[in-house]
Amino acid sequence: LLAEAFGPAVPKRDDAGRWARPASPDDVLDAIVAAWTARRAAQGKAGRLPPEPAVDARGLRMEMIY
């Protein structure tokens, strides 16, 4: 999915760890996903799940933004 959004510049998991040592490969891929989500939000294209999120005891919305 990342390659579809960003093209061939996205590393495969096995290679991602070499991009930002000592970060783990998962950390590098998580950062790429965060950048993708931020770009979609800035463009007004972001979605959310669920459409009407519940809130937790502190009043924070329990949702995923994509």
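In case you missed it, the structure is sitting above this.
Presented here is an overview of the structure given in this document. (Residues numbered from 1 in each chain as written. Predicted model: local features only at pLDDT ≥ 70, side-chain atom pairs only at ≥ 80, totals over all residues. Heavy atoms only, no water.)

**As for the environment of Asp14**
Part 1 of the argument: Relative to the helices and strands, Asp14 is located in helix α2 (residues 13–16).
Part 2 of the argument: Considering only alpha carbons, one finds Asp14 and Ser24, 10 residues apart in sequence, at a separation of 9.9 Å. (Helix = DSSP H or I, 4+ residues; strand = E, 2+ residues; numbered from the N terminus.)

**As for unusual backbone geometry**
Part 1 of the argument: Cis geometry is adopted by the peptide bond preceding Pro22, which originates at Arg21 and carries an omega value of 10°.
Part 2 of the argument: Among the structural elements, Pro22 can be located in the loop between α2 and α3 (25–42).

**Focus: the pattern of salt bridges**
Part 1 of the argument: Evaluated as defined, the whole model comprises 5 salt bridges.
Part 2 of the argument: Between Arg13 and Asp26 there is a salt bridge; the shortest N-O distance is 2.9 Å. Taken as a pair, Arg13 in helix α2 and Asp26 in helix α3 lie far apart in primary sequence, 13 residues in all.
Part 3 of the argument: Assessed through its relative accessible area of 37%, Asp26 is described here as partly exposed.
Part 4 of the argument: Arg48 is paired through a salt bridge with Glu63; the nearest N and O atoms lie 2.9 Å apart. On the criterion of sequence distance, the pair formed by Arg48 in strand β1 (residues 48–49) and Glu63 in the loop between β1 and β2 (64–65) is long-range, its members being 15 residues apart.
Part 5 of the argument: Taking the relative accessible area as the measure of exposure, Arg48 reaches 32% and is therefore partly exposed. (Salt bridge = Lys/Arg side-chain N within 4 Å of Asp/Glu carboxyl O. Buried < 20%, exposed > 50% of the residue type's maximum accessible area, 1.4 Å probe, protein only.)

Shape is all these values report; function is a separate question.
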